[in-house]
Structures are given as structure tokens and as C-alpha cells.
Amino acid sequence: MRTATRLILALAALILLTTTAFAAPGRYALVIGNSAYKNKPLKNPANDAKDMARTLERLGFDVQLKTDVSLRDMEEAIRLFGERLKRGGVGLFYYAGHGVQVQGVNYLVPVNSNVSSESDAKFECVDAGRVLGKMEDAGNELNIVILDACRNNPFTRSFRSAEQGLARMDAPTGSIVAYATAPNSVASDGKGTNGLYTKYLLQNITTPGIPIEEVFKRVRIGVMSETGKKQVPWESSSIAGYFYVAGQPQQPLAINASQASLQQRQQEQRLKEYLAGLEAEKRQVEQERAELARRRQQLDQEAAKKLAEAQAPQDKRLREQLAVLEAERRKLEQERMALEGARREAERMQAEQAAKAKQKASSVMVAGPGAGSVSVVGQQASVNVPKPWQAPQTPSPQPTQQQRPRVEDRAQVLNRLAGVWRIETQGPRNYPMLQLKPGGDTLYGTLVGEPRLVNRMELSGLAVEDGNLHVRLDIRRPPEEPFEPARLLRDLLNGQGQRRPGARRNQDSVDSQGGTRGTALVRTIECVGDLEGSKGAEIPLVCERVDAEARSQGNPRKEMGRMVRTDGLRGY
């Protein structure tokens, strides 16, 4: 009998030495459930909080219940909860509702929060770390925090980050933090009257004789089994000892140690199997993803190959067309170079002919004050007429081919002369308008305007040389002219002598080339424009007669005038 008594006392002492159970003088709980949100309301958090409060009251907790509370009410309830924990004992905080994670900080969302961006969370929500801080400041024996708050973020559209669920928080010494799901994951709101996590928590928290860690382990197994391992509850613990929510075992722990150890090993084995299955599924998903990427790459290569095959005929035709165009371009370039060489040769020959014509004209000209020398080659004329302010001088030698303006400068001058010009002089004679058009290194001209004037005159010479524009006009009249007293008086004043009325005039006049032009040729006018003295759209001009009759009189009369552009102010 004494031996048995001693054995029992030894076993009791051993249990007291090896097992530390929390026998707190008081149990305090703060239970909050928020469902009535303006944005994304929830169905079960308020029910979860009420059921959890009733259960904790049956288990001996002094419960403070809050449902659908505002920010201010939540902060006040947490403050009062921290004051009560200073009495010692065990503290339990339960929250169900929306929770958000912003830059690694977890926030509990009141029902009246107005969050439009991530920066608003710290002003409109409650930092979950605030609860842990109050518990740590109280210095009581044990604290339990249960967060069933990992549902979808109601402010996803206004948040820059795409983080879901809550971030992991380290439990202070002597506390345990339980999450409805793993960090950065989303929990289910449940299909019944309670959330999925709270449903299994209510089922296991009232089981007597199991420590708090075993309660959460059984909850995890139930949630993983129902969700197919999609939701895995999580805990962070720093408690050293045993706490029995529903009371200690009826028999000494040492007596059922083998049975509890067997159950624990079985549960651990089941958990390992679940985790192994989860890892296998993860590997299978990764393999399927790699296979899909490989097949996508293969399909992309096949599509690119088919596209290249379909485009091959078009590419071939395009290359052939490009080759034909390149051959035509080379041919046109050769033709252009040949034309350029021919143009330069024609210019050289034209310059030589103009020089010869000038020499020939100067040999038959009659010298006199104001006389000039003229040579006509086709539609071009080269004139050397003294300026009105210059004294008559002996004609200087004609410029050589090297003295002509450069092609670039000449082309620029010709382009500036392009347009329609009106010839105005101090004399009574009217002139048609002159339309100029450059063509390479040559200037072409046409008489336009009033038909009566155009039919009377012919443009017999046109050239640009030595900074001057030379224009030669032949004026024709019918062979028989009626008697005109005004004309007779003008001829007398001009010193042309008396002429019989109705007589044939200049029947055998000599033209500027030295031949006869018939009775229709009356006179030839030579006009020289000073390009260097031009002012915008106006070129100074000097006109005089240069036909044989004028040379025979010895002193042709010069007329000062100008050429005025009629098609816009573009410079000369």
C-alpha cells in the first residue's frame, strides 16, 4: 500500500515537473465581426462573432462582443481590452471580416472605412499590430489572436499592388497568432451560416483535454480536407507550455501518454500526407505549365514557318520587281549621263557659234554713238550694249568659254527669271508681255498678251550673258501702209525725212543677219536688262533700234524702261 502511494506521488511530481499548464486567474476575450460593409458586404462574419462569443462564454471567458463597428468603436474596444488584460490571465482576440495587406502591414477594415488608395489604409483602418502591442504591454501570461480576415480585398481596384490575404506577423513571447489561411492567400466566406474556418474552430475548441495547438491542428486538417488543400490555415506560436481551452484531461496526462502520442503521430502522418500530396500537385502543375510553354513555342515556330512559306512567292516577286526597277534605274542613269554629256557638248558648240556670230555681226555693224553689237542664234541673242551711264567705247573682245558663269549660278539666275514680264519704256511703243521659261542651261521665251501686239512682233533673240538679259524683237508691218499724218510728222521729227503717202516702206530692208526679210520687216528692237541692278520684281531696261535702217542713220535713239513681273513678287 505504501509502495503504491509513493508511486502515485512520484508520478504526480513528474507530471508537475514536465508539464506546465496555464491556470490563469481570468479569461478575457474581445470578439469583433464586421459584415455590413458599404463596398463588398460579407455574409458570415457577424454570425461567426456571435457564435464564437457564446462558445467562449461557455468556456469561462469574459467576452466583449462587437459587430459591424466603426473605426472609432474598434479602437476604443481594443484600448479597453488592453486595460482588462493588465489584470493577468489569458487574453483572446477574435476578428472576422475584411482584412487588407499594404506594404507588409495587416489592417482590419471597419464597416465605415473610406479607402480610395493604399495610403488611406493607415487612416481608415486598424493596424492588426496594434492588438499585439496592447497584449504585449499588458504583460499577462498567454494571448491568443485569431484572424478570420483573409477574404478578398474590397479595394483591389484602388490599390496599386495585387497582394491578397494578410502578411505574416511574428507572435510576441507567450502568444499565438492563428490565420484562417496561409499568408498572402484568400480564405472562404463559407456557404452556411459560418465561415469555413470558424465552422471548424467552433467544432474543435470545445473539445476537452486537448491543448490550443492541437485545436488549431484539427481545424487545419478539416479546412484542408473540405477545400482540397486550397485553403491551409496557419499559426505563429511562441508559447511554452500547455493551454486547454475546454479544460484539462480528466486523467493524468502520463497515463494516456502512449495513446496521445499515437494520435499525434497519426495526425502528423496525415498532415505529412496532405502536404506531400500538395507538393505533388504543385510539381504536376509546374510540369503541365512547362509542357504548355513548349507546345506554345512549337506552335509559334510552325506558324512562323507556314507564314514564311506563304510569303515566299510574294517575296520572290518583290525581289524580281526590285531587280527590274534597279536595272531601269541604272539604264536611266546612263541615259541621263549621256544626255548631260550631249548637253554640255551642245553648250560648247553653241558658245562657239555665238562667238563666231558676234564676230561676224561686229564686222558689218556701223559704228556710232550708242551703237552695239548683236548676234542671233536661233531663239538666243547675245548683245553687248553699253549702259546708259557709260560712254561709248570700242567693243571689247568677246568672253571665252571659261569666262561664262558657272552652270549652277546660271541655272539659279534662269530659274529666278521664270515667269511673265511686262515691258515698259519711255517711248510711245507698246510691247506684248514676255513669258520666260528655263530649260537646263537655256532660257526660252514666248510673247503673250494682246493678240494685236503679239501678231505684229516676233521674238528673234533671247540670251543671258555678262549679268544682262538680252531680248530682240522684230516688228513687222504690211507692205502697203495708208497715209498717216501723225506718223509722217513723227518721222520728220525723228529725222527720217519726208516719205510719200502710201509708198512701199523698207521694201528691201536688211535683217540683223545681213539678208533680206521682205517688205514686212520694218524695224528690230534690242532691249538689254541689267540683272545686277534689279530690284525685286523690276529689272532696269534700255531699248534701241538695231536694224539696218537705224544703223544707216548713225544715231539710233535709246529708250529707258523696265521689265515688271506680273505673276507675283518672287525677285527677278
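Residues numbered from 1 in each chain as written. Predicted model: local features only at pLDDT ≥ 70, side-chain atom pairs only at ≥ 80, totals over all residues. Heavy atoms only, no water.

Asks: What exactly am I supposed to notice about the sheet that holds strand β7 (residues 142–148) here?
Replies: Backbone hydrogen bonds hold the strands of a sheet together, and the pairing may be parallel or antiparallel. Pairing within the open sheet is mixed, and its six strands lie in the order β2-β1-β3-β7-β8-β9. Strands with a single pairing partner mark the edges of an open sheet, and in this sheet they are β2 (62–67) and β9 (234–237). On average, each strand axis in the sheet is tilted by 10 degrees relative to the strand beside it, whichever way the strands run. With four bridges joining them, strand β8 (residues 175–179) and β9 adopt antiparallel strand pairing. Of the residues in β9, the one forming a bridge with Ala178 is Glu235. (Pairing = 2+ DSSP bridges. Helix = DSSP H or I, 4+ residues; strand = E, 2+ residues; numbered from the N terminus. Axes fitted to C-alpha atoms, helices over the stretch in contact; angles between N-to-C directions.)

Asks: What am I meant to see in the confidence of the model for the protein here?
Replies: Regions with low pLDDT should not have their predicted coordinates read in detail. In the predicted model, the protein carries a mean pLDDT of 78, and the fraction of residues at 70 or more is 73%. Segment residues 1–24 is flagged for pLDDT under 50; beyond a separation of four residues in sequence, or across chains, it makes 19 contacts in the model. Segment residues 363–407 is flagged for pLDDT under 50; beyond a separation of four residues in sequence, or across chains, it makes 82 contacts in the model. (pLDDT = per-residue confidence, 0-100. Contact = heavy atoms within 4.5 Å.)

Asks: Could you clarify how one ought to interpret the packing of helix α3 (residues 71–85) against helix α5 (residues 128–138) in this entry?
Replies: To characterise two packed helices, one gives the angle between the axes of the helices and the distance between these axes. Two elements in contact, α3 and α5, have axes whose closest approach is 8 Å; the angle formed by their N-to-C orientations is 20 degrees. Viewed along their axes, α3 and α5 adopt a mutual orientation that is roughly parallel. Note on packing geometry: the crossing formed by α3 with α5 is right-handed. Touching Glu75, Ile78, Arg79, Phe81, Gly82 and Leu85 of α3 are Arg130, Val131, Lys134, Met135 and Ala138, all from α5. When the residues that make up the contact of α3 with α5 are grouped by side-chain class, the tally is six nonpolar, one polar and four charged. (Parallel < 35°, antiparallel > 145°, perpendicular 65-115°, else oblique. Left-handed = near helix turned anticlockwise from the far one by under 90°. Nonpolar A, V, L, I, M, F, W, Y, C, P; charged D, E, K, R; others polar.)

Asks: Mind showing me how you'd approach the nonpolar core here?
Replies: Grouped together as the largest cluster of nonpolar side chains are 37 residues, with contacts concentrated most on Phe93, Tyr95, Leu108 and Leu147. A per-element tally of this core places α3 first, with six residues. Beyond its immediate chain neighbours, meaning those up to four positions away, Leu108 contacts Met74, Phe93, Tyr95, His98, Cys125, Val126, Ala128 and Leu147. (Core = buried A, V, L, I, M, F, W, Y, C linked by side-chain atoms within 4.5 Å. Buried < 20%, exposed > 50% of the residue type's maximum accessible area, 1.4 Å probe, protein only.)

Asks: Please explain the state of the cysteines as it appears in this structure.
Replies: What makes a disulfide is a covalent bond joining the sulfur atoms belonging to two cysteines. Counting across every chain of the model gives one disulfide. Covalently, Cys527 is tied to Cys543 through a disulfide, its sulfur atoms 2.1 Å apart. Around the S-S axis, the bridge from Cys527 to Cys543 shows a dihedral of about 115 degrees and counts as right-handed. Taken together, the positions of Cys527 in strand β17 (residues 521–530) and Cys543 in strand β18 (residues 538–545) put the pair 16 residues apart, joining distant regions of the chain. In this pair, the class of Cys527 matches that of Cys543, namely buried. (Disulfide = S-S within 2.5 Å.)

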